[in-house]
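Each chain, written out:
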Amino acid sequence: MRVLVVEDEAKLGVVLRDGLRRRGMGVDVASTGEEAVMRATATDYDLILLDVMLPGYDGFEVCRRLRASDVWSPTLMLTALDDVGDRVRGLDSGADDYLPKPFSFDELLARIRALIRRGSPPRPTVLTVGNLRLDPAERRVWRGEEELSLTAREFSMLELFMRHPGEVLSRFELLEHVWDDSYENRSNVIEVYVGYLREKLDRETIETVRGAGYRLRA
């Protein structure tokens, strides 16, 4: 999935970016409230990690502006402010969850997984499509009883397919949710990784829909 990290503390921004990328996520970073609003209204992010104390618009204002613009990406606020009033203000401004600093990276990942599962229809903790099972928390995939070994990027692409079984995902949608702006060589990366997945699954699981994209057989 693709995540927007909004953090003006450069070191923490790098830690979050690198940690999430190692888990196969596409990550963009914004350091001001205005940049956050610009990016989030231009790109369909699966999740936003939003610091409260920002130059320009603070996190509360960013969240209000995004919701007013019909941007409903799940939003997790990160802040050193741990007062009940601040938590209430953050949630009332449109945030979905609130994590005070300092925090455990494992807890951050667990909260990210919980936010992605929310919504309608409910998202199960383990995804199942046919004889495929994928556990986002454990980063494990099975075909029947056989456990498969996938790279972080292969895992992220398969997870996206399994969250939309039977739906046609365009090349652009796959790029937007599995890669980020730091990846420059985008010419045939989708075709290459679909090929990798087909080799590890089978040739029939992921279908090519000519002129439209790819579909995971439901």
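Residues numbered from 1 in each chain as written. Predicted model: local features only at pLDDT ≥ 70, side-chain atom pairs only at ≥ 80, totals over all residues. Heavy atoms only, no water.

Caption draft 1: Quick peek at the nonpolar core. M157, L158 and I190 are the most contacted members of the largest nonpolar core, which has 27 residues in total. Those elements giving two or more residues to this core turn out to be β6 (127-129), β7 (132-135), α6 (152-163), α7 (171-178), α8 (189-200) and β12 (213-216). For this core, the element with the most residues is α6, which contributes six residues. In contact with M157, not counting residues within four places along its chain, are L174, V178, W179, I190, Y193, V194 and L197. The next biggest cluster of nonpolar side chains, apart from the first, holds 19 residues, and it includes I48, F60, C63 and M77. (Core = buried A, V, L, I, M, F, W, Y, C linked by side-chain atoms within 4.5 Å. Buried < 20%, exposed > 50% of the residue type's maximum accessible area, 1.4 Å probe, protein only. Helix = DSSP H or I, 4+ residues; strand = E, 2+ residues; numbered from the N terminus. Contact = heavy atoms within 4.5 Å.)

Caption draft 2: Quick look at the sheet that holds β12. A sheet is described by the order of its strands in space; here three strands give the open sequence β10-β12-β11, paired in antiparallel fashion. Strand pairing shows two members of the sheet lacking a second neighbour, β10 (168-169) and β11 (206-209), which therefore form its edges. On top of the sheet, α6 reaches β10, β11 and β12; it is set at about 70° to β12, its chief contact. Against the sheet, α8 touches β11 and β12, its axis set at about 145° to β11. (Pairing = 2+ DSSP bridges. Axes fitted to C-alpha atoms, helices over the stretch in contact; angles between N-to-C directions.)

Caption draft 3: Representation of the packing of aromatic side chains. Summed over all chains, the structure comprises two aromatic pairs. An aromatic cluster of three or more residues is present, and its members are W179, Y193 and Y196. (Phe/Tyr/Trp six-rings, centres within 6.5 Å; stacked < 30°, edge-to-face > 60°.)

Caption draft 4: Looking closely at the packing of helix α1 (residues 10-22) against helix α5 (residues 105-117). It is at 12 Å that the axes of α1 and α5 come closest, and there the two elements cross at 60°. As the angle between them shows, α1 and α5 are arranged oblique. Read as a crossing pair, α1 and α5 show a hand that is right-handed. Here α1 contributes L16, G19 and L20 to the contact with α5, which in turn contributes F105, L108, L109 and I112. By residue class, the composition of the contact of α1 with α5 is six nonpolar, one polar and no charged. (Parallel < 35°, antiparallel > 145°, perpendicular 65-115°, else oblique. Left-handed = near helix turned anticlockwise from the far one by under 90°. Nonpolar A, V, L, I, M, F, W, Y, C, P; charged D, E, K, R; others polar.)

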